[in-house]
Amino acid sequence: GAGVSQTPSNKVTEKGKYVELRCDPISGHTALYWYRQSLGQGPEFLIYFQGTGAADDSGLPNDRFFAVRPEGSVSTLKIQRTERGDSAVYLCASSPGTVNSPLHFGNGTRLTVT
Amino acid sequence: DQQVKQNSPSLSVQEGRISILNCDYTNSMFDYFLWYKKYPAEGPTFLISISSIKDKNEDGRFTVFLNKSAKHLSLHIVPSQPGDSAVYFCAARTNAGKSTFGDGTTLTVKP
């Protein structure tokens, strides 16, 4: 079956621009997560949705970052006024939302801010 | 303050031998632990997990051990195969839902 799909796979943008990263989770998965991974580090939690609502957005680094999941399926991570320090791989994961179910990750979007 | 630590950035073992990857955590509220494997240019994939009420979980060549008193877990792979070469991430979760990851250990299995 189809896994988690993330688009684009690569995005290069100039400092100060706005970007949107899209995640299409596995069908039927109610939980959706965004992580950010910098070189040599593990995935860093950003935000978690259960259905349409953000259940935990404590990992968003500042108010330039925002994520939505309006219909409880596809999610978009939005970054305003991008900075060079935002360069990283942005990973999306989904899960059935049941207790102790593992995360299913997409292949990520590599964001480069020049 | 990093709550999940993998202190060995890399590990190299010979094919057929045992690989042992270690992970330490500091948050006593973590109640579920997972290992993920990651190949280059791909997202992490789930490998094996263990609940805090257990001390061992086995799945084929992979066994995870949990020592709650020491806040330490380890992943054993035996026998190791060249296809096991990847980055391995330890993750820990509270019942609040989000997982916290370590920085990974790069395993190289030499033929």
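In case you missed it, the structure is sitting above this.
Analysis parameters
Residues numbered from 1 in each chain as written. Chains lettered and ligands numbered in written order. Predicted model: local features only at pLDDT ≥ 70, side-chain atom pairs only at ≥ 80, totals over all residues. Heavy atoms only, no water. Helix = DSSP H or I, 4+ residues; strand = E, 2+ residues; numbered from the N terminus. Rg over C-alpha atoms; globule rule 2.2 N^0.38 Å. Buried < 20%, exposed > 50% of the residue type's maximum accessible area, 1.4 Å probe, protein only. Contact = heavy atoms within 4.5 Å. Areas by Shrake-Rupley, 256 points an atom, 1.4 Å probe, with all protein chains shown as cover. Lys, Arg positive; Asp, Glu negative; His and termini not counted. Charge placed at Lys NZ, Arg CZ, Asp CG, Glu CD. Disulfide = S-S within 2.5 Å.

Q: Requested: an account of the overall build of chain A, with residues and values cited.
A: A tally of helices and strands in chain A yields 0 helices and 11 strands. If you list the helices and strands of chain A from N to C, you get β-β-β-β-β-β-β-β-β-β-β. The globule rule puts the C-alpha radius of gyration for 114 residues at 13 Å, and the 13 Å found for chain A is close to it. With 114 residues in all, chain A has 46% of them scored as buried. Residue pairs in contact within chain A that sit at least 24 positions apart in sequence constitute 53% of those at least 6 positions apart. A total of about 5,500 Å² of accessible surface is found on chain A, and carbon and sulfur atoms cover 46% of it. The average position of the 11 basic charges and that of the 10 acidic charges among the side chains of chain A differ by 6 Å.

Q: Got a sec to walk through the state of the cysteines? Specific residues and values, please.
A: Between two cysteines, a covalent bond joining their sulfur atoms is known as a disulfide. Tallied over the entire structure, the rule returns 2 disulfides over all chains. In this model C23 of chain A forms its disulfide with C92 of chain A; the gap between the sulfur atoms is 1.9 Å. Torsion about the S-S bond of the C23 of chain A and C92 of chain A cystine: about -70 degrees, corresponding to left-handed handedness. With C23 of chain A in strand 3 (residues 19-24) and C92 of chain A in strand 9 (residues 88-95), this residue pair connects regions lying 69 residues apart in the sequence. Take C23 of chain A and C92 of chain A: they sit in the same class, and that class is buried. One disulfide bridge connects C23 of chain B with C90 of chain B, the sulfur atoms lying 2.0 Å from each other. Here C23 of chain B and C90 of chain B share a disulfide; its torsion about the S-S bond, -70 degrees, makes the bridge left-handed. Note that C23 of chain B is positioned in strand 3 (residues 19-25) and C90 of chain B in strand 9 (residues 86-93), a separation of 67 residues in sequence. Among the residues examined, C23 of chain B registers a relative accessible area of 0% and is labelled buried.

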